[in-house]
2 protein chains.
Amino acid sequence: MSQTRIVEVRAGILKKNDELARALRARFEQAGVFVVNLVSSPGTGKTQFLERTLTDLVAAGVRAAALVGDLETDNDAKRLARSGAPARQINTHGRCHLEAEMIGDFLGEWDLASLDFLFIENVGNLVCTAGYDLGEQMRVVMLATTEGEDKPSKYPPLFSSGDAFVITKIDLAEAAEFDRVAAHRSLRDLRPEVPIFETSAKKNLGMDEWLHFLMEKSAKVPAL
Amino acid sequence: MSQTRIVEVRAGILKKNDELARALRARFEQAGVFVVNLVSSPGTGKTQFLERTLTDLVAAGVRAAALVGDLETDNDAKRLARSGAPARQINTHGRCHLEAEMIGDFLGEWDLASLDFLFIENVGNLVCTAGYDLGEQMRVVMLATTEGEDKPSKYPPLFSSGDAFVITKIDLAEAAEFDRVAAHRSLRDLRPEVPIFETSAKKNLGMDEWLHFLMEKSAKVPAL
């Protein structure tokens, strides 16, 4: 039993995941739903950011829903449901990431064509989530001002996979002595052309720019 | 290629790790060095907390050293070396946790008997690090005030494995609207008898209580 063996087994699982993700992506595109995968460290504020995003979308008449992955508990789905959007919890039973197969299983009966957006909040993890394509059209990698500016250079596989970066808890930037220039540089070093949004869901800062980008990127009616 | 298969392979790796960890623990005890494994989410402030701990120990004439694991970069070892204590970086090349074998390899030539304490700063991860015993005598699970009080209930395997809990960034508690009672309750629910330390390494808060506990627990001369 060796590390080489587990690497081989994992490569097989990733290959199968890629195939399932391709099928999911085709299904999403056919249904006309734009799917966003949110990834970050635990505690970055994915749930609060997503709750605010869903609330704003619902208020604007946009049809949005959420799937949220966690090892245990359904706290996050309950929080997200406060937005008025449908939200379901996927319990990973100890696994540190979501997989395309789990998404497919949970979408069983959902009428995807009735949705404009589906947000998938992944398990909080800067390592395991990187290799698992969930069929999303956009992957958003998030970083809190309280986490330190060096995270992108310490976790390059995940940050390099981002189609958009969201910096959260910008209201705490000063208290946390957040070095904005260093953070942007560490993101830019990995992905020079990927947009960076600075937000505080709690204080409602920077959300308009993010929502505008989301509508534009998804080519949905810019209702906001 | 199935999830069942990867679970079997992983069980084998964990079993081998447990054997290596037992041998390491015997070696540490024989050398009289007290070994502490620090685990948390990325961005909790493990490095800053450890740098302050090492600096204080070195100033008190205590012989301490550090091993720090990361996917990439040797930033953390450089930061820790500012304390005056020897610090080495273990690059995990993408793996989301340290393993007993990596520790054994790195300790090759170290004269462990010349040390009072060896601190192992694990890769930032609330999932993968849980199952890997590194031969430590004490596992410290850390949580920042900026991460949310729900983390222990969302990541029970890791938090349940703690011999001590350290809450970091207590200086940001008010700005982050940290719910102290809820945080203590979520830790107490998992481990009622494990001590909780509230600290800010940056502002030098709560460090004396932590260092006192460390000296007492390790049965080293209480030089502080």
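Description of the structure in this document. Remember, it's a predicted structure, so these values are computed and weren't measured experimentally.

## Re the overall build of chain A
Piece 1. Looking only at helices and strands, one finds eight helices and seven strands in chain A.
Piece 2. In summary, chain A has a C-alpha radius of gyration of 17 Å against a globular reference of 17 Å for 224 residues, a match within 12%.
Piece 3. Along the first, second and third principal axes, the C-alpha atoms of chain A reach 50 × 45 × 35 Å.
Piece 4. The buried share among the 224 residues of chain A stands at 56%.
Piece 5. Pairs at least 24 apart in sequence give 72% of the contacts found in chain A among residues at least 6 apart.

## Comments concerning the relation of the copies chain B and chain A
Piece 1. Rotating chain B by 180° about the axis while translating it 0.0 Å along that axis superimposes it on chain A, leaving an RMSD of 0.0 Å. On the angle and the small slide along the axis, the relation comes out as a two-fold axis.

## Regarding the pattern of salt bridges
Piece 1. Inspection of the entire model under this criterion finds 28 salt bridges over all chains.
Piece 2. Across the pair K154 of chain A and D76 of chain B runs a salt bridge whose closest N-O atoms are separated by 2.7 Å. Separated into two different chains, K154 of chain A in helix α5 (residues 151-154) and D76 of chain B in helix α3 (residues 75-81) make up a pair that spans both.
Piece 3. Put simply, K202 of chain B and E177 of chain A hold a salt bridge, and the shortest N to O gap is 3.5 Å.

## Some details on the state of the cysteines
Here, disulfide denotes a covalent bond that connects the sulfur atoms of two cysteines.
All names here are of chain A.
Piece 1. In the structure shown here, the tally under the stated rule is two disulfides over all chains.
Piece 2. Covalently, C96 is tied to C128 through a disulfide, its sulfur atoms 2.3 Å apart. One quick way to see it: the torsion about the S-S bond of C96 and C128 is about -100°, and its sign makes the bridge left-handed. With C96 in the loop between β3 (87-91) and α4 (100-107) and C128 in the loop between β4 (117-121) and β5 (138-144), the pair connects residues that are 32 residues apart, well separated along the chain.

## A word on the sheet that holds β5 of chain A
Residue and element names in this part refer to chain A.
Piece 1. As summarised here, the arrangement of the seven strands in space is β3-β2-β4-β1-β5-β6-β7, forming an open sheet in which the pairing is parallel. Looking along the sheet, the strands with just one partner apiece sit at the ends: β3 and β7 (196-198). Between one strand and the next, the sheet's axes are offset by a mean angle of 20°, whatever the strand orientation.
Piece 2. Here β5 pairs with strand β6 (residues 164-168) via five bridges, running parallel. The residue bridging A144 from the neighbouring strand is T168, located in β6.
Piece 3. α4 contacts β2 (64-70), β3 and β4 of the sheet and is inclined by roughly 135° relative to β3.
Piece 4. In the packing of helix α8 (residues 207-218) onto the sheet, the strands contacted are β1 (34-39), β4, β5, β6 and β7, and the crossing angle to β5 comes to about 165°.

## Structural notes on the side chain of R139 of chain B
Residues and elements named next belong to chain B.
Piece 1. Within the secondary structure, R139 sits in strand β5 (residues 138-144).
Piece 2. Within the structure, R139 has its side chain in polar contact with the backbone oxygen of A130 (distance 2.9 Å).
Piece 3. Of note is the side chain of R139, whose polar atom sits 3.0 Å from the side chain of E136.
Piece 4. In contact with R139, not counting residues within four places along its chain, are N37, V39, T129, A130, Y132, D133, L158, S161, G162, D163 and A164.

## Quick notes on α8 of chain A
Structural remark: α-helix, 3.6 residues per turn; residues separated by three or four positions point the same way.
All names here are of chain A.
Piece 1. Taking 1.5 Å per residue, twelve residues should reach 16 Å; α8 reaches 16 Å between its end C-alpha atoms and fits that length.
Piece 2. Inspection of α8 places M207, W210, L211, F213, L214, M215 and S218 among the buried residues, and these make up the whole buried set.
Piece 3. Check the buried side of α8 and you find it contacts β1, α2 (46-59), β4, β5, β6 and β7.
Piece 4. A positive phi of about 55° marks A219, the residue just after α8.

The rules we used
- Residues numbered from 1 in each chain as written.
- Chains lettered and ligands numbered in written order.
- Predicted model: local features only at pLDDT ≥ 70, side-chain atom pairs only at ≥ 80, totals over all residues.
- Heavy atoms only, no water.
- Helix = DSSP H or I, 4+ residues; strand = E, 2+ residues; numbered from the N terminus.
- Rg over C-alpha atoms; globule rule 2.2 N^0.38 Å.
- Buried < 20%, exposed > 50% of the residue type's maximum accessible area, 1.4 Å probe, protein only.
- Contact = heavy atoms within 4.5 Å.
- Least-squares fit on C-alpha atoms with pLDDT ≥ 70 in both.
- Salt bridge = Lys/Arg side-chain N within 4 Å of Asp/Glu carboxyl O.
- Disulfide = S-S within 2.5 Å.
- Pairing = 2+ DSSP bridges.
- Axes fitted to C-alpha atoms, helices over the stretch in contact; angles between N-to-C directions.
- Polar contact = N/O pair within 3.5 Å; in protein donor to acceptor, adjacent residues only side chain to side chain.
- Expected span 1.5 Å × (residues − 1).

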